[in-house]
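Below, each chain spelled out in residue letters.
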Amino acid sequence: MAVPRFDQTPNSEVGNLFFMGRDEQGNNVYIIGLGSQHRAFSHIIDQFLKLLGFQAEEYRLVNCLPCVNLTTRIGGYSSRSLGLVWFGRRLAAWGVRQSLQSYVRLVDRVRASTTQQPAFLD
Amino acid sequence: MRYRVFHSRTGAAALAAALRYTEEFSREAYFRLVRELPKTKQFVLCQQFHDETVLVVASGHEYGVLEHALPCLVEELRPNSAVVLTHCHPELRHLGSRLWLAKRHLLPGLVLRFWEGQLWNLVSRQEGVRH
């Protein structure tokens, strides 16, 4: 729960790009929420990045939602939609701890990749 | 580099606005491209017009997310570029399902022509249309 911006993005900021720091290779790391149309928007943003002149080797756009388990979804819904922040945030964090290995595997896959991959968007 | 993104729920109104903007609005051009619209995961039109890249996309119901995301990306990653987003109205209901049926030749000719006429009347009534 001490992770920066965990369960803190209001609906009005969905779509905003947040800088989270740099990895050990000096790459900038950002997060962006894309709402319920995340699948369509992630493809659109991927295409837009190419239009901005980025080569596939220069960026990684990764959909992290496949790592999110039911516990985290219920926690997030409780916090964001029902206003039960104290309960929802803890439930969401507990869900992340439960599925931590899937996040680790995703990060390892992204780190090992040499180029952006369509599979990262789904 | 400037980017001009026209978007609407299904993309139909946005496509008409973009073609008007690039001075290529004709019934033939419009209907050639409108058939691409169900592909909501990509820009349907992408072309250069003077010093701008004109883009059209179907933004669905949560277009506010896209209106935040694209300018944020440009501001952070390409600060020397600019992006202008225009949300377009009006929209034809059930466009996606009608296009799905039309693509599979499941709409009788008369119904298809009626629907195309309806869509054309809707988009050509928008301001600034030249036939």
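Since we're looking at a predicted model, the values are computed, not measured.

### Details of the sheet that holds strand S1 (residues 2-8) of chain B
On the basis of which strands lie adjacent, the open sheet formed by four strands has the order S2-S3-S1-S4 (chain B) and mixed pairing. Strand pairing shows two members of the sheet lacking a second neighbour, strand S2 (45-49) and strand S4 (82-87) of chain B, which therefore form its edges. Here the average twist between neighbouring strands, direction ignored, is 20°. Pairing of S1(B) with strand S3 (residues 52-58) of chain B, which is carried by seven bridges, proceeds in the parallel orientation. Within S3(B), the residue paired with B:His7 across the bridge is B:Val57. Contacting S1, S2, S3 and S4 of chain B, helix H1 (residues 38-51) of chain A runs over the sheet at an angle of about 170° to S3(B). Packing of helix H3 (residues 63-77) of chain B onto the sheet brings it into contact with S1, S3 and S4 of chain B, and relative to S4(B) it is tilted by some 170°.

### A few points about the nonpolar core
With 29 residues, the main nonpolar core has B:Phe6, B:Leu15, B:Tyr30, B:Val34, B:Leu95 and B:Leu119 as its most contacted residues. Counting residues per element, the ones that place at least two in this core are helix H1 (12-21), helix H2 (27-34), S2, S3, helix H4 (95-103) and helix H5 (109-124) of chain B. If you tally residues by element for this core, the top one is H1(B), at eight residues. Residues in contact with B:Tyr30, not counting those within four places in the same chain, are B:Ala12, B:Ala13, B:Leu15, B:Ala16, B:Leu19, B:Phe25, B:Leu119, B:Trp120 and B:Val123. Ranked by size, the runner-up nonpolar core spans 26 residues in total, among them A:Phe48, A:Tyr59, A:Leu61 and B:Val5.

### Some words on the side chain of B:Ser59
In this fold, B:Ser59 is placed in the loop between S3 and H3. Classification of B:Ser59 as buried rests on a relative accessible area of 0%.

### Examining the packing of H2(B) against H5(B)
What describes two packed helices is the angle between their axes and the distance between those same axes. Residue and element names in this part refer to chain B. Contact pair H2 / H5: the axes reach a minimum separation of 12 Å and the direction vectors enclose 110°. Taken together, the axes of H2 and H5 are roughly perpendicular relative to one another. For the crossing formed where H2 meets H5, the hand is right-handed. Residue-level contacts link Arg 27, Tyr 30, Phe 31 and Val 34 of H2 to Glu 116, Gly 117, Leu 119, Trp 120 and Val 123 of H5. In terms of residue class, the contact of H2 with H5 is made up of six nonpolar, one polar and two charged.

Scoring rules and cut-offs
- Residues numbered from 1 in each chain as written.
- Chains lettered and ligands numbered in written order.
- Predicted model: local features only at pLDDT ≥ 70, side-chain atom pairs only at ≥ 80, totals over all residues.
- Heavy atoms only, no water.
- Pairing = 2+ DSSP bridges.
- Helix = DSSP H or I, 4+ residues; strand = E, 2+ residues; numbered from the N terminus.
- Axes fitted to C-alpha atoms, helices over the stretch in contact; angles between N-to-C directions.
- Contact = heavy atoms within 4.5 Å.
- Core = buried A, V, L, I, M, F, W, Y, C linked by side-chain atoms within 4.5 Å.
- Buried < 20%, exposed > 50% of the residue type's maximum accessible area, 1.4 Å probe, protein only.
- Parallel < 35°, antiparallel > 145°, perpendicular 65-115°, else oblique.
- Left-handed = near helix turned anticlockwise from the far one by under 90°.
- Nonpolar A, V, L, I, M, F, W, Y, C, P; charged D, E, K, R; others polar.

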